[in-house]
Amino acid sequence: MSELLNVDLAVARIVSDIRPVESENISIYDALGRVLANDIDAPLDLPIFANSSMDGYAVVSTDVEGASDVNPITLPVVMDIPAGYAPKTALKPGQAARIMTGAPIPQGADAVIPVENTDAHWGEAATNHQVVRVFQSVNPGANIRLPGEDVTKGQRIFTKGWVLRPQDIGMLAALGCAELSVYRRPKVAVLSSGDELVSIHDPLTPGKIRDSNSFILSNLVRQYGGEVFNFPIARDTKDSIRAMFDAAVAKKPDMIVTSAGVSVGAADLIKQLLSQMGKVDFWRINIRPGKPLAYGQLAGIPFFGLPGNPVSAMVTFDVFVRPALMKMIGRNSDVPIRQAKLKESVKSDGRRTYMRVKLEYNDDGELWASTTGTQSSGALMSMVLADGLLILPENITKTQIGDVFPVRLLKEV
Ligand code: AMP
Ligand code: MG
């Protein structure tokens, strides 16, 4: 096994080659899933002004001291403050102001009595009420949201590399950030080759299969924030593959990802041509599935020659291409990992093995993993059923039921 390159070393070598892409400015309307290219500090306080957290009456808290059901305190209602309008005057001691949730607290008031704790029944004619009877005392500050209580001006809200989710974009809207600096989407050329492959729209004639890898790989790229260029399937000839490489390079992508044609068979044309037209850095890795993986450069562009079997292509994308894409867009490349107990004994050949597993918690809250049927690297269903990839470390050839291994989650469990 000594001639095989260790997985972590291979990832480290790939990642050290990769340079981040430039940033671009985008509208907040297009921000979902984008990665911030700079830190963002709050330009203002949130809330911006003191406001009521309840529908009720703004008062001076000392005016309602001792108020109760049996001892209501009556106050004149001197103004009406709807949400969205600044109070015109200050509140004087002995007065109340009808106030809506989110409306600014008038000067002079220091608490809000919720409408439920008064005799008011807000209907159509509520604004005509001249007085209100208050049934409860309040502490100073009650039901008032203070400026800066949520976010203070100058506070670091997001760090560079943050991936924007709906709530983050809401925060940016509240802060008034209409335009954002994000990493440009990396452009990835996804290539397929093989005489047996037909595209999704072509008829299946004897001996042919559909090209599924380009769909898996293209959508993995999109899932991680990249933009995809697809090309017609190349045939198993040097000319056809050379033409496909030229077409890919002409698009000036940030990365080229192929599948198939890297094994040791007679038709390992991808690897041969990469070494002629560009350079191969390494291609035999201590991993299962996916040992043959050509990594190098074509016209200076990072090039991944993934194995052809769909499961191998997907696993090697996850292990090798994903960290490269993450580095390109300034993102942390950590993946969610859980420890799980194996529900069955499994065998391996001593390479680091990524097994497709289903995960389930037992009644004691322990997480158990069972393989998703055949682990053949051509069996797409093993991947469709998988909640995760259980990682058997190098040099483990046999396991017992109950042995604990890390699982890279492909789905939240
Ligand atoms: P190869 O590396 O060319 O020997 O391919 C290994 C296996 O992967 C073969 O069974 C191929 O038919 C299959 N394969 C290669 N490319 C694709 C693809 N794009 N979609 C689905 N299966 C593929
Ligand atoms: Mg082939």
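Just so it is clear, the structure is predicted and the values come from calculations on it, not from any experiment. (Residues numbered from 1 in each chain as written. Chains lettered and ligands numbered in written order. Predicted model: local features only at pLDDT ≥ 70, side-chain atom pairs only at ≥ 80, totals over all residues. Heavy atoms only, no water.)

Colleague: Can you walk me through the overall build of the chain in this structure?
Modeller: For the chain, the count of helices and strands is seven helices and 25 strands. The C-alpha radius of gyration computed for the chain amounts to 31 Å, which surpasses the reference 22 Å derived for 413 residues by more than 25%, pointing to a less compact arrangement than a globule. Across the 413 residues that make up the chain, the buried fraction comes to 48%. Residue pairs at least 24 apart in sequence account for 71% of intrachain contacts in the chain once pairs closer than 6 positions are excluded. Here the chain displays about 19700 Å² of accessible surface, and carbon together with sulfur accounts for 53% of that area. (Helix = DSSP H or I, 4+ residues; strand = E, 2+ residues; numbered from the N terminus. Rg over C-alpha atoms; globule rule 2.2 N^0.38 Å. Buried < 20%, exposed > 50% of the residue type's maximum accessible area, 1.4 Å probe, protein only. Contact = heavy atoms within 4.5 Å. Areas by Shrake-Rupley, 256 points an atom, 1.4 Å probe, with all protein chains shown as cover.)

Colleague: I'm lost on the sheet that holds strand S5 (residues 73-81) in this one. Help?
Modeller: Within a sheet, neighbouring strands are paired by backbone hydrogen bonds and run either parallel or antiparallel to one another. Within the open sheet, the five strands sit side by side as S7-S4-S6-S5-S8. Their pairing is mixed. The two strands at the open ends of the sheet, each matched to only one other strand, are strand S7 (111-114) and strand S8 (131-134). Averaged over all pairs of adjacent strands, the angle between strand axes in this sheet comes to 40°, irrespective of strand direction. Sheet topology note: the strand S4 (residues 56-59)/S7 ladder contains four bridges and is antiparallel. Of the residues in S7, the one forming a bridge with Val 59 is Ala 111. (Pairing = 2+ DSSP bridges. Axes fitted to C-alpha atoms, helices over the stretch in contact; angles between N-to-C directions.)

Colleague: Is there a simple way to explain the site of ligand 1 in this structure?
Modeller: Around ligand 1 lies a shell of 15 residues, among which Glu 196, Asp 211, Ser 212, Gly 261 and Gly 308 are the nearest. Here Glu 196 contributes a side-chain N or O atom positioned 2.5 Å from an oxygen atom of ligand 1. Interatomic distance of 3.2 Å between a backbone N/O atom of Asn 213 and a nitrogen atom of ligand 1. Calculation on ligand 1 without its partners gives an accessible area of 490 Å², and the protein chains cover 74% of this total. Residue classes in the shell around ligand 1 are distributed as four nonpolar, eight polar and three charged. (Near = heavy atom within 4 Å. Polar contact = N/O pair within 3.5 Å; in protein donor to acceptor, adjacent residues only side chain to side chain. Nonpolar A, V, L, I, M, F, W, Y, C, P; charged D, E, K, R; others polar.)

Colleague: Hey, could you run me through the packing of aromatic side chains in this one?
Modeller: Each aromatic ring pair is specified by the distance between its two centres and by the angle formed by the two planes. Per the counting criterion, the structure on display carries four aromatic pairs. Ring centres of Phe 245 and Phe 303 lie 5.3 Å apart, and the angle between their planes is 70°; on these two criteria the pair is classed as edge-to-face. Of the two residues, Phe 245 sits in helix H4 (residues 238-250) while Phe 303 sits in strand S20 (residues 301-306), which places them 58 residues apart along the sequence. No difference in accessibility class separates Phe 245 from Phe 303, as the two residues are buried. Centre to centre, the rings of Phe 282 and Tyr 295 are 5.3 Å apart; their planes meet at 35°, and the pair counts as tilted. Taken together, the positions of Phe 282 in strand S17 (residues 279-284) and Tyr 295 in strand S19 (residues 292-298) put the pair 13 residues apart, joining distant regions of the chain. Residue class for Tyr 295 comes out buried when judged on its relative accessible area of 1%. Connected via pairs of aromatic rings, a cluster forms that spans Phe 282, Tyr 295 and Phe 304. (Phe/Tyr/Trp six-rings, centres within 6.5 Å; stacked < 30°, edge-to-face > 60°.)

Colleague: Honestly, the domain arrangement of the chain in this entry has me stumped. Any pointers?
Modeller: Many structure descriptions define interface size as the accessible area lost when the parts assemble. With domains assigned, the chain is organised as domain 1 (7-21 + 185-328), domain 2 (23-47 + 149-183), domain 3 (51-145) and domain 4 (337-409). One C-alpha centre belongs to domain 1, the other to domain 2; they are set 34 Å apart. (Domains from an automatic or database assignment.)

Colleague: How should I be thinking about the environment of Trp 283 in this particular structure?
Modeller: Inspection of the secondary structure puts Trp 283 in strand S17. For the pair formed by Trp 283 and Ala 120, sequence separation is 163 residues and the distance between their alpha carbons is 78 Å.

Colleague: For this particular structure, what's the right way to read the side chain of Thr 316?
Modeller: Within the secondary structure, Thr 316 sits in helix H6 (residues 310-328). A distance of 3.2 Å separates a polar side-chain atom of Thr 316 from the backbone oxygen of Ala 313. Excluding residues that lie within four positions of it along the chain, Thr 316 makes contacts with Pro 289, Gly 290, Leu 293, Leu 306, Pro 307 and Val 321.

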